[in-house]
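# Architecture at a glance
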Number of protein chains: 2
Amino acid sequence: MEQLDVQERKRIWDNIESALVDEQIDQFRTEFLELHPYDQAKIFEEQQDSIRVLIYSYLSPEEFADVLEHVDSDRAEEFVTEMNPMFASQVLAEMSADDAVDILNDLDKNKVASYLTIMDEDAADEIKQLLHYEEKTAGSIMTTEFVVIHTNQTVKEAMRHLRKEAPEAETIYYIYVVDVQKRLVGVISLRDLIIAEGDFLVADVMSERVVSVPVGEGQEEVAQKMRDYDFLALPVVDFQNHLLGIITVDDIIDVMDEEASEDYSKLAGISDFEGSNMSPVTAAKKRLPWLVILLFLGLFTASIIGRFEATLDQVAVLAIFIPLIAGMAGNTGTQALAVAVRAIATGELDKVGKSSIILREAMTGLIIGVSCGILITMVVYLWKGNFYLGILVGISVTATLIVATVAGALVPLIMHRLKIDPAVASGPFITTINDIISILIYFGMATAFMNLLIQ
Amino acid sequence: MEQLDVQERKRIWDNIESALVDEQIDQFRTEFLELHPYDQAKIFEEQQDSIRVLIYSYLSPEEFADVLEHVDSDRAEEFVTEMNPMFASQVLAEMSADDAVDILNDLDKNKVASYLTIMDEDAADEIKQLLHYEEKTAGSIMTTEFVVIHTNQTVKEAMRHLRKEAPEAETIYYIYVVDVQKRLVGVISLRDLIIAEGDFLVADVMSERVVSVPVGEGQEEVAQKMRDYDFLALPVVDFQNHLLGIITVDDIIDVMDEEASEDYSKLAGISDFEGSNMSPVTAAKKRLPWLVILLFLGLFTASIIGRFEATLDQVAVLAIFIPLIAGMAGNTGTQALAVAVRAIATGELDKVGKSSIILREAMTGLIIGVSCGILITMVVYLWKGNFYLGILVGISVTATLIVATVAGALVPLIMHRLKIDPAVASGPFITTINDIISILIYFGMATAFMNLLIQ
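Small disclaimer: the values here were computed from a predicted structure and weren't measured.

### Remarks on the relation of the copies chain A and chain B
Here two copies of a chain appear, and what relates them is a rotation about an axis with a shift along it. With an RMSD of 0.2 Å, the fit of chain A onto chain B corresponds to turning through 180 degrees and sliding 0.2 Å along the axis. The operation mapping one copy onto its partner corresponds to a two-fold rotation axis. Both copies present the same face, since 100% of the interface residues in chain A are matched by interface residues at the equivalent positions in chain B.

See the structure below:
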């Protein structure tokens, strides 16, 4: 089966819908359940509520749990709240605990409480456990549906246990080994287990080199670790090395997506990622804070130019090059910023060190500055026929590019040092800072060499 | 074992190094091979070449292949070229074919040819196959070390086959089922296989709903599919549905990292992602092209202002607000750009459609523009005491923000339509475009209402 695009889903749906509205439950179920849960979810999302309500009534909680695990996470909350509470709580109970928790985190406390009270007890307990952990930590993305075996079991016994647990467990491809105090002591991949001799002890075939993450670890660090070691799952432990849960690679992929969108949006000066289905008002609310801050920074820039009004009155032509110089400063600053933020995110910073990055940027800025400076000097001279103006603009560009490049790298590094997420040092922010720097350099020099400019 | 940080690796290494330089091969091997390949790789990377050469001579090609699979991909080429060719070709043969190909793609044709000629034939053939595929396609990231079973095998036979193949295969957690013409007809997870009754036929227990990707598919689309369906591996097929290879989730995670860095760097106007270990000259080379283009766009902006020199001579104060207006235009444009690019990348565009995104941005721009416009009008009036100047700046800001926001969304959408990667429409680019737009609006209006401004 190929992945279905929007048209294909539309076509398939048209077949299914008739069955649905004619209340031909069997036909609907056979055709709908034929599909991969992801496609079921996409089709489900495209329906209006009247149809959705029908679907709830035609699927079992277990069947709909699969669908809900694949719907757009921004909308899952909306769907849960429109189901009748009993069905909703059953569906949540059937979902893997970590996905259920993601949804419950978006619901208001009372609703959550009511769901948990009518929910099957074991499921409720599992969910309550996970609800305790802070968002974006290992604890909040881990699942508690995992298989453990014991050092003193034989491989044959372990396999038998595994077959029993397989249908429930989130993954059975890494099996974690615990001692009598439930402390994590080893791991064995299913690959090694099926190769191993049946009567060997788990202790003899397991690997004691098990990489784990503390329950409080940030999800970005967990993702990094999973990536570095090419694992399919990571065990989560408390400070006494008790096994609390596991994080599977599919959860990590979602984390990576989320973090990437976040960094990207922040570089562009958007507080957090916007879905395209968001209303203009909400979008404006998200963007305005940044723009207003930048507006006042811009006013500050204006007031600086204001200081040089005398200079401007004498040599109005100076104004012509303001956007060019400010723009270049912003551009090179954004480039340096992006490099520095990536270096921090990918951990390269620890390898090469702050000072070497700053030095590198300074050198880069020098090269860029001198090349652009010479270029612009010639162009301005040829264009305006005023040699000193050319020199002034050229030297300003050179000086600006050097300072702006260093500033672009310095700001995120300082933020990182101050434990602020460097990604919030967005392009627009650094651009505006560099506007100010460039204006000061440009007009400062212009005022100093005024007598040369007036011929 | 916890993941090792730089200090820990340093400490461990100090123990190992003495053994190495004293030529105590056994001691070195036991301590070094104790570590996870990722940590081996990190330690290896931190050595200078004299030490690296020793390591090559103390490890078997098979052992070093594990190390090389985990080193920083930017440096793998450097390491391979410093080994003696025989060892290098053996190491490449021992690596999983797709990783070997990644490295060979960075080497010059002659070197590759010479490695392949001295390489074990089977390995060489596998690699030659993969080398044919275009970079960044499914073919280039797939591996050919996978397990296939046949519809007419029993579960017991399949398991036996699996145990035999397990050590070699890249993954055994999804087993793909082919017919006599080697066409992909089904898939079964190891999970389901170990639960199934031993004497059932594979045909009865396999799933025929197998999602596959065409060999020419772009790696970004493959990653999207793997993510949507939460797979651990995806089969790669030709146009006749013959199974050519598989792509495993760990390769996809690297792809996602790569794509995220790329989009991020492009938004900042860097041609492609720079490692922090890159020299200033190389870094400057990568950034200058953009900056020079932007420099000339800036000159164009300057020439536009030049057209308004008369206006400027009369009302020099106008210059004060150039950076503010141009800056705001750039900022809102970058925000809209980022949202549009993400909408394209995440496929949301297909869901909501171009027009609705543009309309959304227009509305957002209107709200942002009016709010900022009113704000700035008041501030300027209070500051300069010139009501008309306040109105002029305010209206310019409003008009600019609306146009700039729409432009920010429009540019990437047009590029997408023209099959150009929208991510190259970087922040700096859109910023400079919007500089021009804003200047035209600002000075155009100033000139029109000149008589009001001069009091």
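### Brief notes about the packing of helix α19 (residues 322-345) of chain B against helix α21 (residues 354-384) of chain B
Residue and element names in this part refer to chain B. Relative to each other, α19 and α21 sit at 155 degrees, their axes nearing to 12 Å. It follows that α19 is roughly antiparallel to α21 by the angle criterion. For the crossing formed where α19 meets α21, the hand is right-handed. Of α21, the residues touching α19 (which contributes Leu-324, Met-328, Thr-332, Ala-336, Val-339 and Ala-343) are Ile-357, Arg-360, Glu-361, Ile-368, Cys-372 and Ile-376. When the residues that make up the contact of α19 with α21 are grouped by side-chain class, the tally is nine nonpolar, one polar and two charged.

### Considerations on the UniProt feature "domain: CBS" (unreviewed entry) in chain A
All names here are of chain A. Summarizing the sequence annotation, UniProt attributes the feature "domain: CBS" (unreviewed entry) to residues 142-205 and 206-262 in the numbering used throughout. The straight-line gap between the two end C-alpha atoms of residues 142-205 is 26 Å; of that span, 33% is helix and 22% is strand. Taken end to end, residues 206-262 comprises 44% helix and 23% strand; its first and last C-alpha atoms sit 39 Å apart.

### Here we look at helix α9 (residues 109-118) of chain B
Residue and element names in this part refer to chain B. When α9 is considered as a whole, its buried residues turn out to be Val-112, Tyr-115 and Leu-116. Relative to the axis of α9, the buried residues are bounded by an arc of 95 degrees and lie together on one face. Along α9, exposed side chains directed more than 90 degrees from the buried face belong to Asn-110 and Thr-117. Its buried side turned inward, α9 meets α6 (73-82), α7 (85-94), α8 (97-104) and α10 (121-131).

### Quick notes on a nonpolar patch on the surface
Where nonpolar side chains cluster on the molecular surface, the patch consists of A:Leu359, A:Met363, A:Leu366, A:Val370, A:Ile374 and A:Met378 and spans about 550 Å² of accessible area. Within the secondary structure, A:Val370 is located in helix α21 (residues 354-384).

### Overview of the domain arrangement of chain A
The domains assigned to chain A are domain 1 (6-141), domain 2 (148-257) and domain 3 (280-453). Averaged C-alpha coordinates put domain 1 of chain A and domain 3 of chain A at centres separated by 50 Å.

### What about the environment of B:Asn105?
Residues and elements named next belong to chain B. For Asn-105, the position within the fold is in the loop between α8 and α9. A sequence separation of 73 residues divides Asn-105 from Val-178, and the C-alpha atoms of the two residues are 31 Å apart. Those residues in contact with Asn-105 that sit more than four places away from it in its chain are Leu-131 and Glu-135.

### A closer look at the side chain of A:Asp435
Positionally, A:Asp435 belongs in helix α23 (residues 427-448). With no salt bridge to any partner, buried A:Asp435 finds its closest opposite charge in A:Arg307, at an N-O distance of 16 Å. The contact partners of A:Asp435, leaving out residues within four places of it in the chain, are A:Thr301, A:Ala326 and B:Pro323.

### Overview of the interface of chain A and chain B
Chain A puts 125 residues into the contact, and the matching count from chain B is 125 residues. Interface of chain A and chain B: buried area, both sides summed, is about 11,000 Å²; carbon and sulfur atoms make up 66% of it. Of all residues in chain A, A:Arg191, A:Arg209 and A:Tyr264 bury the most surface against chain B, accounting for 8% of the area lost on that side. Seen at the junction of chain A and chain B, the total is six salt bridges. For A:Arg227, the salt bridge goes to B:Asp257, with nearest N and O atoms at 2.3 Å. The interface formed by chain A and chain B includes 23 residue pairs in polar contact (both at pLDDT 80 or more). Broken down by element, the residue count for the side of chain A that touches chain B peaks at 19 residues, all from helix α17 (residues 280-307) of chain A. A class-by-class count of the residues in the side of chain A that touches chain B yields 73 nonpolar, 24 polar and 28 charged.

### Things to note about the sheet that holds strand β2 (residues 174-178) of chain A
Residue and element names in this part refer to chain A. Spatially, three strands are ordered β1-β2-β3 in an open sheet, and the strand pairing comes out mixed. Two strands bound the open sheet, and with one partner strand each, they are β1 (148-150) and β3 (184-189). Adjacent strand axes in the sheet meet at a mean angle of 35 degrees when their direction is disregarded. Alignment of β2 against β3, held across five bridges, turns out to be antiparallel. Its bridge partner being in β3, Tyr-174 is matched across the sheet by Ser-189.

### With respect to the environment of A:Lys351
Mapped onto the secondary structure, A:Lys351 falls in helix α20 (residues 348-352). For A:Lys351, a relative accessible area of 49% gives the class partly exposed.

### Overview of the pairing of strand β6 (residues 243-248) of chain B
Residues and elements named next belong to chain B. Most of β6 is tucked away: five of the six residues are buried. Direction of pairing for strand β5 (residues 233-237) relative to β6: antiparallel, over a ladder of five bridges. Each residue of the ladder has a partner; that of Leu-234, found in β6, is Ile-247. Adjacent in sequence and paired antiparallel, β5 and β6 are bridged by five residues, among which Asn-241 carries a positive phi angle near 70 degrees.

The rules behind these values
Residues numbered from 1 in each chain as written. Chains lettered and ligands numbered in written order. Predicted model: local features only at pLDDT ≥ 70, side-chain atom pairs only at ≥ 80, totals over all residues. Heavy atoms only, no water. Least-squares fit on C-alpha atoms with pLDDT ≥ 70 in both. Contact = heavy atoms within 4.5 Å. Axes fitted to C-alpha atoms, helices over the stretch in contact; angles between N-to-C directions. Helix = DSSP H or I, 4+ residues; strand = E, 2+ residues; numbered from the N terminus. Parallel < 35°, antiparallel > 145°, perpendicular 65-115°, else oblique. Left-handed = near helix turned anticlockwise from the far one by under 90°. Nonpolar A, V, L, I, M, F, W, Y, C, P; charged D, E, K, R; others polar. UniProt positions renumbered as here; feature names shortened; annotations may be inferred. Buried < 20%, exposed > 50% of the residue type's maximum accessible area, 1.4 Å probe, protein only. Arc of directions from axis to C-beta. Patch = residues over 30% accessible without salt bridge, like charges linked within 9 Å, V, L, I, M, F, W, Y side chains within 5 Å. Areas by Shrake-Rupley, 256 points an atom, 1.4 Å probe, with all protein chains shown as cover. Salt bridge = Lys/Arg side-chain N within 4 Å of Asp/Glu carboxyl O. Domains from an automatic or database assignment. Lys, Arg positive; Asp, Glu negative; His and termini not counted. Buried area = accessible area lost by both parts, 1.4 Å probe. Polar contact = N/O pair within 3.5 Å; in protein donor to acceptor, adjacent residues only side chain to side chain. Pairing = 2+ DSSP bridges.

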